[in-house]
Amino acid sequence: MTARAIAVRLRGLSRHFGDVKALDSIDLEVNDGEFFSMLGPSGSGKTTCLRLIAGFEQPTTGTIELHGQQVADVPPYERDVNTVFQDYALFPHMTVADNVAYGLMVRRVAKSEREKRVREMLDMVRLPGFGGRKPSQLSGGQRQRVALARALINHPKVLLLDEPLGALDLKLRQEMQVELKAIQREIGITFIFVTHDQEEAMTMSDRIAVFNHGKIEQVGTPYEMYENPHTRFVAEFIGTTNVVEGEMARTIHGKSAAYAIRPERIVLCPPDADVPLDSVYLTGVIRDVTYLGMMTRCTVEVNGSVFTVIEPSAQARPAFGYAIGAACVLVWKREHMRPLEGA
Amino acid sequence: MRRAVNFLYAHPNAALLLLLLLPMAWLVIFYLGSLSAMVVQSFYSLDDFSGRVIPEFSVFSYQELFSPANFDVVLRTLSMAAAVTLASAVIAFPLAYFMARYASARIKGLLFLGVMLPLWSSYLVRVYAWKLILANEGMISWGAEQLGLTGVLNWILSLPVIGGPSLSFSYFGMFIVFVYIWLPYMVLPINAALERVPKSLTEASADLGGRPRYTFRKVVLPLAFPGIVAGSIFTFSLTLGDYIIPSIIGDSARFIGSAVLLYQGTAGNLPLAAAFTVVPIVIMGAYLLLARRLGAFDAL
Amino acid sequence: MRFSDMHRAGIGLKGATAAVLIFLNFPIFVIILYAFTTEEASFRFPPPGLTTRWFGVLLNRTDFWDALGLSLQVALTATFAAIILGTLIAAALYRSNFFGKEVISLFVILPIALPGIVTGIALRSAIGVLDLQLSTWTIIIGHATFCMVTVYNNVVARLRRMQHSQVEASMDLGATPIQTFRYVIFPNIATALLAGAFLAFALSFDEIIVTTFTAGQQDTLPIWIFSQLTRPRDRPVTNVAAVFVIGITLIPILLAYRYTRDVSEN
């Protein structure tokens, strides 16, 4: 089995701004041809990381390798990497065609060749014939596609996308997510996608890296990240979770470390229900019930801690005679609990 | 070449230095250097005998400033500057107020143009225009005659100190021209300050029972004050240093600017001229500090 | 003033506004009127008659043409120097946050912020100390020093309004910094540069205070007009020259105004 090629390798990468550590000694490997997301809240360092890969910032320490080549002191115009910016950064004084052709123009590609490739690109992003327009005449979604075309026309080895869908409304965003994924699969270029929206990352990515306060908390496939979060932050950032710690954890597990249990893994039972042997059960009081259509969400208080339970409505409804304030029992299998490090 | 450019990209501070090198050198040499030379000059003195400048440290020139004749010049200029500032503030306010509060966007654009247009026309020509207007046979006299106010005009001209043979040759005339020339500099900051007063404030005042005059006094005026102070910086400073208007609407009467011109010219007394120039610098320095305390810089 | 009726000012306020506006603008028209008066030696109002013959007289005066020529030469050269110096400073200061930036920004504005007399006497002192000759070049240096400020103001404002991501995008797509300047930055600042240049030209052309201190025997047009004021027989000719000056300074400024307004409306 051949090893997969590494498109981007970061070793001990740091970026400090005075006393502020925007990025604190990051190690990361992105595989060739994958759709890789960098996920995290604002200020977590994901955008800084992207800008370091693009070349807009210089690292304080550490190395950046693009396809095996050290590039820390190579300026952005000499790296085989292109970026789609959050505000699209289209050149307002040029037409769409000139914008898209820009990368070819500065490298002195012949005019006829440029025109051909611009046409191809515009077709690919589904904006045929838009070449003559100016950016000010386009909608947000259209501008975004022009920015994409402009970046892809150069056949970069890696495409960086800095929260490109942030400014679009929900429907458009979901459409674009599907389109971007399709384009990536078709072209086969490595995509590195920065977002703060965990659902977006989960939808589109082959693998995700979760950033927090300048460090990477965990890297993995969406399945791995959701099912096996390593830290409390990841558990709470991706989807929702309940955290069992302190006294309650000691009662269940014998030690007072922190454990995560997903809401959908918990079953809400009446106080007198039978409980399987390998399960945890806790007695509590129902505080809130919300019907969400496909799911029903309940909030249950157990000894002062609050648990969120989600059950398919088809299951919950018939069983539900429970009023707010009624006693109940929470049941879940031990194996579904995940230990959290450094909580 | 590529490598040089790449180096500069990776080292933004070096690039910065390179960009600033030429202009900073120019400014430091020609401007800062000149200012220092001037201050140094003010600490020299003139040898009465030979008429040459003695390049030795002395405060003689500054002492000369306090001689009655020279001190008189400073006082005169200060009084004029103060009078001009007050008058400009009063005259500019209604216009600025209307522009900020009542004018629609289109009208405001036109008004703005109306205020800027004179500012953009030649300064010298505008001063000269007033010489024509104020002349004894000019527009003002003719207007006074038509309105039967010639008596008033003559009375003004007969006043001591500010009167004179003709409006175009008197302190009162200079006062009018000064106010006219610097007026736009007062209108704009006041307008800017007033625009920053949200309408909701005056509405709240009215809602709470404040009558119009009260609201104006207690709400609008205090909020406009920083703008007035900002405008006054210009009117005061510009009047302090001007010699053109006194020499056109007068006989190169004794103002700071004219004194400077006189002493550096034929009199060859550069040290004294320099000392005179330091006066407005010091005054404006103090004025700016005061203005900053009063919040004028936010209104600029 | 009626506060209850927010959208209609009282007649008093409207009247005062109109009066001030008229006060501000009528002198220009007076000058233009006087350029046509038949009266030779006085400022009589109303003018006894109208004629265009003073235009002919002025155009025959060689000293006028010399002064005009010198003013144009100085203004063009000073503007050229101002464009280069002002743009360099703007490029350096528009984004940077280095130690001393505030000081330098303030320093750059001083030549225009301090009254002309200060700049004038300062330059005069320096010339005296260095034992130089007053010449056209001393005039130009003086003018360039404060003209660069208008270019700087205009260009720096435009640079700050420019999306910086455009510059990054350009380099990201493979353009070197020089190519980036040519294809992205320059088109963005072109009209601001032009506006600043026009303002600098007008400023230099009309300037008299600093010029008086830095000129030797030469007369720029404003100095010429100023010296004319002591010659009663030449009054109408002076008026015509004044009309010329209004035109030459007003036109570039109006153009500059249009250029900066157009962009801000976009």
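Residues numbered from 1 in each chain as written. Chains lettered and ligands numbered in written order. Predicted model: local features only at pLDDT ≥ 70, side-chain atom pairs only at ≥ 80, totals over all residues.

Novice: Before we go on, may I ask you to explain the overall build of chain C in this structure?
Specialist: Helices and strands together make up the secondary structure of chain C, namely 11 helices and 0 strands. In chain C, the succession of helices and strands from N to C terminus is α-α-α-α-α-α-α-α-α-α-α. In terms of overall dimensions, chain C is more spread out than a globule: its C-alpha atoms have a radius of gyration of 23 Å, far above the 18 Å expected for 266 residues. A principal-axis box enclosing the C-alpha atoms of chain C has dimensions of 70 × 70 × 30 Å. Buried positions account for 50% of the 266 residues belonging to chain C. Taking the contacts inside chain C whose residues are at least 6 apart along the sequence as the reference set, 76% of them involve residues at least 24 apart. (Helix = DSSP H or I, 4+ residues; strand = E, 2+ residues; numbered from the N terminus. Rg over C-alpha atoms; globule rule 2.2 N^0.38 Å. Buried ≥ 20, exposed ≤ 12 C-beta atoms within 10 Å, placed from the backbone. Contact = placed C-beta atoms within 7 Å.)

Novice: What exactly am I supposed to notice about the overall build of chain B here?
Specialist: Scanning chain B for helices and strands turns up 15 helices and 2 strands. At 24 Å, chain B has a C-alpha radius of gyration far larger than the 19 Å of a compact globule built from 300 residues. Principal axes of the C-alpha set define a box for chain B whose edges measure 65 × 65 × 35 Å. By the burial criterion, 47% of the 300 residues in chain B qualify as buried.

Novice: Explain the sheet that holds strand E16 (residues 305-312) of chain A here, please?
Specialist: Sheet strands pair via backbone hydrogen bonds, and the direction of the pair is either parallel or antiparallel. Residue and element names in this part refer to chain A. Overall, antiparallel pairing links the 5 strands, which are arranged E13-E17-E14-E15-E16 in an open sheet. The outermost strands of the open sheet, each flanked by one partner alone, are strand E13 (267-269) and E16. Here the strands of the sheet are splayed against their neighbours by 45 degrees on average, with no regard to which way each runs. Two elements, strand E14 (residues 279-291) and strand E15 (residues 295-302), share 6 bridges in a ladder whose sense is antiparallel. Each residue of the ladder has a partner; that of Tyr291, found in E15, is Thr296. (Pairing = 2+ DSSP bridges. Axes fitted to C-alpha atoms, helices over the stretch in contact; angles between N-to-C directions.)

Novice: Which parts of the structure should I look at to understand the environment of B:Ser258?
Specialist: Residues and elements named next belong to chain B. Structurally, Ser258 can be placed in helix H13 (residues 256-264). Ser258 sits in the buried class, given 23 other C-beta atoms within 10 Å. C-alpha of Ser258 to C-alpha of Ile244: the two residues are 14 residues apart in sequence and 7.9 Å apart in space.

Novice: I would appreciate a short explanation of the interface of chain C and chain B in the present structure.
Specialist: Put simply, an interface is often sized by how much accessible area is lost when its parts join up. On the chain B side, the residues contacting the 66 residues of chain C number 67 residues. Elements represented by at least two residues in the side of chain C that touches chain B include exactly helix H1 (11-34), helix H3 (62-93), helix H4 (101-113), helix H5 (116-130), helix H6 (136-161), helix H8 (177-206), helix H10 (221-228) and helix H11 (235-265) of chain C. Of the residues forming the side of chain C that touches chain B, the biggest block, 13 residues, is contributed by H1(C). For the side of chain C that touches chain B, a count of residues per class yields 51 nonpolar, 11 polar and 4 charged. (Nonpolar A, V, L, I, M, F, W, Y, C, P; charged D, E, K, R; others polar.)

Novice: Would you mind going over the domain arrangement of chain B with me for this structure?
Specialist: Residues and elements named next belong to chain B. Along its sequence, chain B is organised into domain 1 (2-42) and domain 2 (65-299). Distance from the C-alpha centre of domain 1 to the C-alpha centre of domain 2: 37 Å. Of the residues lining the interface, 4 residues belong to domain 1; the matching set on domain 2 comes to 6 residues. When its residues are assigned to classes, the side of domain 1 that touches domain 2 shows 2 nonpolar, 2 polar and no charged. (Domains from an automatic or database assignment.)

Novice: I'm lost on the sheet that holds strand E7 (residues 158-162) of chain A in this one. Help?
Specialist: Residues and elements named next belong to chain A. Taken together, the 6 strands give an open sheet; going across it, the order is E6-E7-E8-E3-E9-E10, and neighbouring strands pair in mixed fashion. Only two strands of the sheet have a single partner each, and these edge strands are strand E6 (81-84) and strand E10 (215-220). Strand after strand, the sheet turns through a mean of 20 degrees between neighbouring axes, direction not considered. Direction of pairing for strand E9 (residues 207-212) relative to E10: antiparallel, over a ladder of 5 bridges. Opposite Ile208, over in E10, you have Gly220 as the bridge partner. Against the sheet, helix H4 (residues 140-152) contacts E6 and E7, and its axis sits at roughly 175 degrees relative to E6.

Novice: Which parts of the structure should I look at to understand the confidence of the model for chain C?
Specialist: Atomic detail in the predicted coordinates should be set aside for any region of low pLDDT. Residue and element names in this part refer to chain C. In this model, chain C carries a mean pLDDT of 84, and residues with pLDDT of at least 70 account for 94%. Across chain C, helix H7 (residues 164-172) holds the top mean pLDDT of 94, while H11 sits lowest at 79. Note on residues 1-6: pLDDT is under 50 here. Beyond four places in sequence and across chains, it has 12 contacts. (pLDDT = per-residue confidence, 0-100.)

Novice: Teacher, can you tell me more about the packing of H13(B) against H5(C) here?
Specialist: With their axes 11 Å apart at the nearest point, H13(B) and H5(C) run at an angle of 15 degrees to one another. In this view, H13(B) runs roughly parallel relative to H5(C), as classed from their interaxial angle. Along this stretch, H13(B) crosses H5(C), giving a crossing that reads as left-handed. Across from B:Gly257, B:Val260 and B:Gln264 in H13(B), the residues of H5(C) making contact are C:Ile117, C:Ile121 and C:Arg124. When the residues that make up the contact of H13(B) with H5(C) are grouped by side-chain class, the tally is 3 nonpolar, 2 polar and 1 charged. (Parallel < 35°, antiparallel > 145°, perpendicular 65-115°, else oblique. Left-handed = near helix turned anticlockwise from the far one by under 90°.)

Novice: It is not clear to me how unusual backbone geometry should be interpreted in this structure. Could you clarify?
Specialist: With glycine set apart, most residues show a phi of negative sign, and most peptide bonds adopt trans. Residues and elements named next belong to chain A. The backbone phi angle of Tyr88 is positive, close to 70 degrees, even though this residue is not glycine. In this fold, Tyr88 is placed in the loop between E6 and helix H2 (96-106). For Tyr88, a count of 24 C-beta atoms within 10 Å gives the class buried. One non-glycine residue, His213, lies in positive phi territory at about 50 degrees. Given 15 C-beta atoms within a 10 Å radius, His213 is considered partly exposed.

Novice: Just to check I follow, could you spell out the pairing of E15(A) for this structure?
Specialist: In the case of a regular strand, side chains alternate between the two sheet surfaces. Residue and element names in this part refer to chain A. In this antiparallel pair of consecutive strands, E14 and E15, the connection spans 3 residues, and Gly293 shows a positive phi of 95 degrees. By the bridge criterion, 8 bridges tie E15 to E16 in an arrangement that is antiparallel. By the bridge assignment for E16, Cys298 is matched with Val309. Hairpin connection from E15 to E16: 2 residues lie between these consecutive antiparallel strands, with Asn303 at a positive phi of about 50 degrees.

Novice: Could you clarify how one ought to interpret the environment of A:Gly68 in this entry?
Specialist: By secondary structure assignment, the location of A:Gly68 is in the loop between strand E4 (61-66) and strand E5 (69-70). Separated by 172 residues in the primary sequence, A:Gly68 and A:Thr240 have C-alpha atoms spaced 38 Å apart.

Novice: Hey, could you run me through the packing of helix H6 (residues 123-134) of chain B against H1(C) in this one?
Specialist: A pair of packed helices is captured by two measures, namely the crossing angle of their axes and the spacing between those axes. Two elements in contact, H6(B) and H1(C), have axes separated by 9 Å at closest approach and are oriented at 75 degrees. Comparing the axis directions of H6(B) and H1(C) gives the class roughly perpendicular. Between H6(B), through B:Val125, B:Arg126, B:Ala129, B:Trp130, B:Leu132 and B:Ile133, and H1(C), the contact on the second element is made entirely by C:Pro27, C:Ile28, C:Val30, C:Ile31 and C:Tyr34. Among the residues making up the contact of H6(B) with H1(C), the classes are represented as 10 nonpolar, no polar and 1 charged.

Novice: Quick question: what am I supposed to make of H7(C) here?
Specialist: Two residues of an α-helix separated by three or four positions point the same way, owing to the 3.6 residues in each turn. Listing the buried residues of H7(C) in full gives C:Gln166, C:Val167, C:Ala169, C:Ser170, C:Met171 and C:Asp172. For H7(C), the elements touching its buried residues are helix H1 (46-54) and E6 of chain A together with H8 of chain C. A positive backbone phi angle near 110 degrees is found at C:Gly174, which sits one or two residues after H7(C).

Novice: Got a minute to help me understand the environment of A:Arg232 in this structure?
Specialist: All names here are of chain A. Tracing the backbone shows Arg232 in helix H8 (residues 232-237). On the basis of neighbour count, Arg232 is assigned to the partly exposed category, with 19 C-beta atoms found within 10 Å. Distance from Arg232 to Asp162, taken between C-alpha atoms, is 26 Å for residues 70 residues apart in sequence.

Novice: What's the story with the pairing of strand E3 (residues 35-39) of chain A in this structure? I'm lost.
Specialist: All names here are of chain A. Within E3, 5 of the 5 residues are buried, which leaves it mostly tucked inside the rest of the structure. Neither face of E3 is open: one carries Phe35, Ser37 and Leu39, the other Phe36 and Met38, and all of them are buried. Note that E3 and strand E8 (residues 190-195) share 5 bridges and pair parallel. Bridge pairing links Met38 to Val194 in E8.

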